[in-house]
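Analysis of the macromolecular model
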Amino acid sequence: MSKGRFGVHGGQYIPETLMNEVIRLEESYEFYKNDPDFNKELDDLLKNYAGRPSLLYYAKQMTQDLGGAKIYLKREDLNHTGSHKINNVLGQVLLAKKMGKMRVIAETGAGQHGVATATAAALLGMECEIFMGKEDTDRQALNVYRMELLGAKVHPVTSGTMTLKDAVNETMREWTNRVHDTHYVLGSVMGPHPFPAIVRDFQSVISKEARAQILEYEGKLPDAVVACVGGGSNAMGMFYNFIGDKEVALIGCEAAGHGLNTQKHAATIAKGTPGVFHGMKSYFCQDEYGQIAPVYSISAGLDYPGIGPEHANLHDSKRAQYVPVTDDEAVDAFEYLARTEGIICAIESAHAVAHVRKIAPEMKKDDIIIVCLSGRGDKDVAAIARYKGVNIHE
Amino acid sequence: MNNISIQDAFDHGKAFIGFLTGGDPSIEKSEEFIMKMVEAGCDLIEIGIPFSDPIAEGPVIQEANIRALAAGTTTDKIFELAKNVRKKTNVPLVFLTYLNPVYKYGYEKFCAKCEEAGVNGLIIPDMPYEEKGELLKAAGEYGVDIISLIAPTSEERIKMIAGDAKGFIYIVSSMGVTGMRSEIKTDLSAILSAVREASNTPAAVGFGVSTPEQAGKIADIADGVIVGSAIVKIIAKYGGEAGQPVYDYVKSMKEAIR
């Protein structure tokens, strides 16, 4: 069996044109991840540019209101560019530069990964092009403008469902065109090996910090960590350093959209089946003939028909649990967090908050939950207003 | 097992290999167009099983995939198509599709159906050398050749890939996705000589080939020429009436490589 396996999942299912490049990427990454100079440079960027470590905030009002477990929020929304995406992007763009690449390309759903990539490219002096589904460029027009301000060229993708899946297709196509001078900054723990491992390693800073912070504050590990899952990068980052702690429940929240009994959802674990797509073997929403399903979520960032292979394996081994959360529940949680804690979180993260509202009251007062607030909600305010039928003028 | 093999396509001079997406614009029309290609001198037919997300294809074939799926094409209907074509001709047939439709169908069941329908090989652009192991057992059991692809970036991988290639070797002429190109810049002679050092399996060149001039030049150095997007574009333009234009085009290409 080929490299990069998580149980039966993972692998390198990509065109031959890209094979030498992923092999080279793996070799470079294996070298640089142990290179003290590379790590020093990256740590410096994370600390002095991205704003790490991010806060682990005790959500006192939410804890009191829900009347169960103590709730902590891992504040990835406070990072520069407003989400966890910057952790991975700074690592990958720095790696690409060390590999002698002059140009980076990336796909984006909600725009957070695109903004982060455009930011890192600007900072490190690289050319940058972003592929984004046409529908998402409409849903997230402000983020498109942000990327352009940062000097990136944004390509609206009009093929297929015009969302994240199609943006990934188009970025892979572009990568096969110019693989010699271009690095594809994959935005989640997905794609062909070594990407799922690279992205997970760069995102694992989330749980590395959270683990140390909670031990310092509470003197013990949490009972559960909760994160939203599209491709699954913030969740993998949040889970990673707790995987060995069997007493810590790992819970991923996937987008159930209008509900699992409808066709309008993006709940890959709940409704998907094993498949091979976008370079990896994993679970995908698809039909009986293996045609990838058009998926839906109110959140452009969760609107993806697959899940990273390491998550697929955590599901198979029952080490992690994946639960569906609907649009309605996410919007409720979005408003709830804003009113109880004064934090406007990304609609993606609100899926995780929604699940915590269900489980915290059932837990004991000395139990602890850490929720990953993967990003801030500025980008979603207009969408929430539309959803609620509120007319605002931006 | 039928007595037709991919090698037959290369037994009488340079091979012209034509591709179309099965089910575009309909299964019945695909059968008609395939027979026109055969009449015009096509030595091997590649039938695309449409996939929702064909990441190795350019816009022309992407759109054909969408049209075929919108017309209700399924893998089972493509098997029927191949079976009907096989009743009428001994031209070797291969399927081109992505791994997911094959994986989801089940490797064993898929390969058994290929044998039953008289399909001789399988081209899967998102299954590189390293990943073909899982499909080889079923493919071998039912006499289906897994066609290996070699890209301009393959370099030192050529020896390994060509070394155990079956059927024919698909040499990708250009970087990027399928589609017509005005100029092919890759040093094909160097790739072909590396391939020939490692293997006696016939080598055909595809991706970007559309004109008789290009085809003629490639036929000087390769065993065959593969054309997809140019044929699919004719089908997109003429729809159900594409039979004659496809025939004329394939005939002109076949003549150019004689």
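Along each chain, residue indices are assigned from 1 in the same order as the chain's sequence is written. Written order determines the labels here, with chains lettered from A and ligands numbered from 1. Only residues with pLDDT of 70 or above have their local features reported here, since the model is predicted, and side-chain atom pairs are shown and tallied only from 80 upward, although totals for entire chains, interfaces and linings are computed over all residues. As a rule here, side-chain values cover all heavy atoms of the structure and leave hydrogens and water aside.

The condition that has to hold: UniProt positions are given in the numbering used here, feature names are shortened, and annotations may be inferred rather than shown by experiment.
By the naming in an unreviewed UniProt entry, chain B is Tryptophan synthase alpha chain, taken from Kineothrix sedimenti. Recorded in UniProt under Function (unreviewed entry), the annotation for chain B is "The alpha subunit is responsible for the aldol cleavage of indoleglycerol phosphate to indole and glyceraldehyde 3-phosphate."

Per an unreviewed UniProt entry, chain A goes by Tryptophan synthase beta chain and derives from Kineothrix sedimenti. Of chain A, the UniProt comment under Function (unreviewed entry) reads exactly: "The beta subunit is responsible for the synthesis of L-tryptophan from indole and L-serine."

1. Re the environment of F334 of chain A
All names here are of chain A. Stated formally: Strands here are runs of E lasting at least two residues and helices are runs of H or I lasting at least four, both read from the DSSP assignment and numbered beginning at the N terminus. Relative accessible area decides the class of each residue, using a 1.4 Å probe on protein chains only: under 20% of the type maximum gives buried, over 50% gives exposed, and in between gives partly exposed. Here, two residues are considered to be in contact whenever any of their heavy atoms come within 4.5 Å of each other.
Counting through the fold element by element, F334 comes out in helix α14 (residues 327-341). Take F334: its relative accessible area is 6%, and that puts it in the buried class. Non-local contacts of F334, meaning those with residues more than four positions away in its chain, are made with I344, C345, A346, I347, A350, G377, D380 and I384.

2. Looking at the UniProt feature "modified residue: N6-(pyridoxal phosphate)lysine" (unreviewed entry) in chain A
All names here are of chain A. The residues that UniProt annotates with the feature "modified residue: N6-(pyridoxal phosphate)lysine" (unreviewed entry) are K85. Residue placement: K85 occurs in helix α4 (residues 85-98). Leaving out residues up to four positions away in the same chain, K85 has contacts with Q112, H113, A116, G187, Q203 and S233.

3. Focus: the interface of chain B and chain A
Applied cut-off: Note on terms: buried area is the combined drop in 1.4 Å-probe accessible area of two parts once they are placed together, counting the loss on both. By definition here, a salt bridge exists when the distance from a side-chain nitrogen of Lys or Arg to a carboxyl oxygen of Asp or Glu is within 4 Å. Polar contacts here mean pairs of N or O atoms no more than 3.5 Å apart (in protein, one a potential hydrogen donor and the other a potential acceptor; neighbouring residues in sequence count only if both atoms are side-chain atoms). Note on residue categories: nonpolar means Ala, Val, Leu, Ile, Met, Phe, Trp, Tyr, Cys or Pro, charged means Asp, Glu, Lys or Arg, and polar means any other residue, Gly included.
In this complex, chain B contributes 38 residues to the contact, which on the side of chain A involves 36 residues. Approximately 3,100 Å² of surface area, both sides summed, lies buried where chain B meets chain A, with 51% of it carried by carbon and sulfur atoms. Here chain B is connected to chain A by five salt bridges. Summed over the shared surface of chain B and chain A, the number is 25 residue pairs in polar contact (both at pLDDT 80 or more). At the level of secondary structure, the elements contributing two or more residues to the side of chain B that touches chain A comprise α2 (59-70), α3 (75-88), α4 (99-105) and β5 (145-150) of chain B. At six residues, the largest contribution of residues to the side of chain B that touches chain A is made by α4 of chain B. Of the residues assigned to the side of chain B that touches chain A, the class counts are 19 nonpolar, eight polar and eleven charged.

4. Points about the state of the cysteines
Heads up, the rule is: Criterion for a disulfide: a pair of cysteine sulfur atoms within 2.5 Å.
In the structure shown here, the tally under the stated rule is zero disulfides over all chains. Left without a disulfide partner, C372 of chain A is nearest to the cysteine sulfur of C228 of chain A, which lies 7.1 Å away.

5. Brief notes about the packing of helix α5 (residues 112-124) of chain A against helix α7 (residues 141-149) of chain A
Residue and element names in this part refer to chain A. So the rule is basically this: For helices, the axis comes from a line fit to the C-alpha atoms of the stretch in contact; other axes are also lines fit to C-alpha atoms, and the angle between any two N-to-C directions lies between 0 and 180 degrees. Reported orientations rely on four angle classes, namely roughly parallel under 35 degrees, roughly antiparallel over 145, roughly perpendicular from 65 to 115, and oblique for the rest.
Put simply, α5 and α7 touch, their axes get as near as 9 Å, and they point 10 degrees apart. It follows that α5 is roughly parallel to α7 by the angle criterion. On the side of α5, the interface is formed by Q112, G114, V115 and A118, while α7 contributes N143, R146 and M147. Residues belonging to the contact of α5 with α7 are distributed by class as follows: three nonpolar, three polar and one charged.

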